[in-house]
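# Architecture at a glance
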Amino acid sequence: MTLDRTAPARPAVTPDTGIAAPSRRVSPAQWASQSLTMAWRSLVQIKHNPSELLDLSIQPIMFVLLFTFVFGGAIGGSTDAYLQFSLGGLIAQNALFLTIYTATGLATDLQKGTFDRFRSLPIARSAPLSGRILGDVLRQLWSLVVLLAVGVLLGFRITTSPVAVLAAFGLLVAFTLAFSWTSVLLGVLARDPEKVQIYGFTVLFPLTFASNAFAPTQTMPGWLQAWVSINPVTRMADALRGLLVGGPVAANAVATLLWGVAFAAVFGPLAVWALRTRT
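Labelled according to an unreviewed UniProt entry, the protein chain appears under the name Transport permease protein, originating from Actinomycetospora flava. Reading the Sequence similarities (unreviewed entry) entry of the UniProt record for the protein chain gives the comment "Belongs to the ABC-2 integral membrane protein family."

Here it is, written out as structure tokens:
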């Protein structure tokens, strides 16, 4: 009796159950569809937890009101002048703070074993992660709209073109997508979702407040100005100001994108490695 060497290869069988392991090879279209499904799952959670939507809406409003009316007169001379300066910085700060949702959601899924259940499905391994990030980007856009709407109600005026405003949206999304890899790494390393807040704000507070988001660089001590001038939050805030109210854009936008590439290049591989190790 001879062996039939042309017979198709049998699917891999898991040693525990004898059930054929699902294939992980998916087409780009399937990967996109699976990622969108996971993003929708992330957003649907707001329906069952309305307080999350309040956080996405109330926090930006509180920041605009507090910084405008508490610091506006002292720093900008008037609330209107300060609002024209600070709103770009507030948008940059709020975008980075919202990446904490990526870390918290990921840490929760890992703690509850949700990612282990995803591994048993015939989907791309990266789909749950890319879906989580995409869902959080949509949250970013919602908060950006809220910030701009409140700012306009308080007297902020966009003095550029609609194309420039769309470019501001695009720049913000591009940078936060890249920066989200730091939150992914944080969410994987944090064994407890509650610790994410502690670790996250330890990084985000110095990064956002040691910038010119809320005060001009020239008003700071010389030793601090050296860092503030290259801080990615400073460069993004200046780029957003240029796109919304006028001013230099190209150099600041390029610097922002380069910072984004650096964050993704460093923290992306680390996050993927940590996720594979944990799951």
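The next subject is the overall build of the protein chain. Regarding its fold elements, the protein chain presents eleven helices and zero strands. Listing every helix and strand of the protein chain by position from the N terminus yields α-α-α-α-α-α-α-α-α-α-α. Seen through its principal axes, the protein chain has C-alpha atoms that stretch 95 × 40 × 35 Å. Considering the protein chain as a whole, with its 279 residues, one finds that 44% of them fall into the buried category. When the accessible surface of the protein chain is totalled, it reaches about 14500 Å², and 69% of it is carbon and sulfur. Taken as two groups, the 19 positive and 11 negative side-chain charges of the protein chain have centres that lie 7 Å from each other.

Judged by nonpolar contacts, the single largest core of 45 residues is most densely connected at Ile91, Leu96 and Leu148. Elements supplying a minimum of two residues to this core: helix H2 (50-76), helix H3 (79-98), helix H4 (100-112), helix H6 (127-154), helix H7 (162-189), helix H8 (193-209), helix H10 (232-245) and helix H11 (250-278). Those residues in contact with Ile91 that sit more than four places away from it in its chain are Leu144, Leu147, Leu148, Leu172, Leu240 and Leu244. In terms of nonpolar packing, the next biggest core, distinct from the first, is built from 14 residues, Met38, Leu106, Leu185 and Val188 among them.

Conventions used here
Residues numbered from 1 in each chain as written. Predicted model: local features only at pLDDT ≥ 70, side-chain atom pairs only at ≥ 80, totals over all residues. Heavy atoms only, no water. UniProt positions renumbered as here; feature names shortened; annotations may be inferred. Helix = DSSP H or I, 4+ residues; strand = E, 2+ residues; numbered from the N terminus. Buried < 20%, exposed > 50% of the residue type's maximum accessible area, 1.4 Å probe, protein only. Areas by Shrake-Rupley, 256 points an atom, 1.4 Å probe, with all protein chains shown as cover. Lys, Arg positive; Asp, Glu negative; His and termini not counted. Charge placed at Lys NZ, Arg CZ, Asp CG, Glu CD. Core = buried A, V, L, I, M, F, W, Y, C linked by side-chain atoms within 4.5 Å. Contact = heavy atoms within 4.5 Å.

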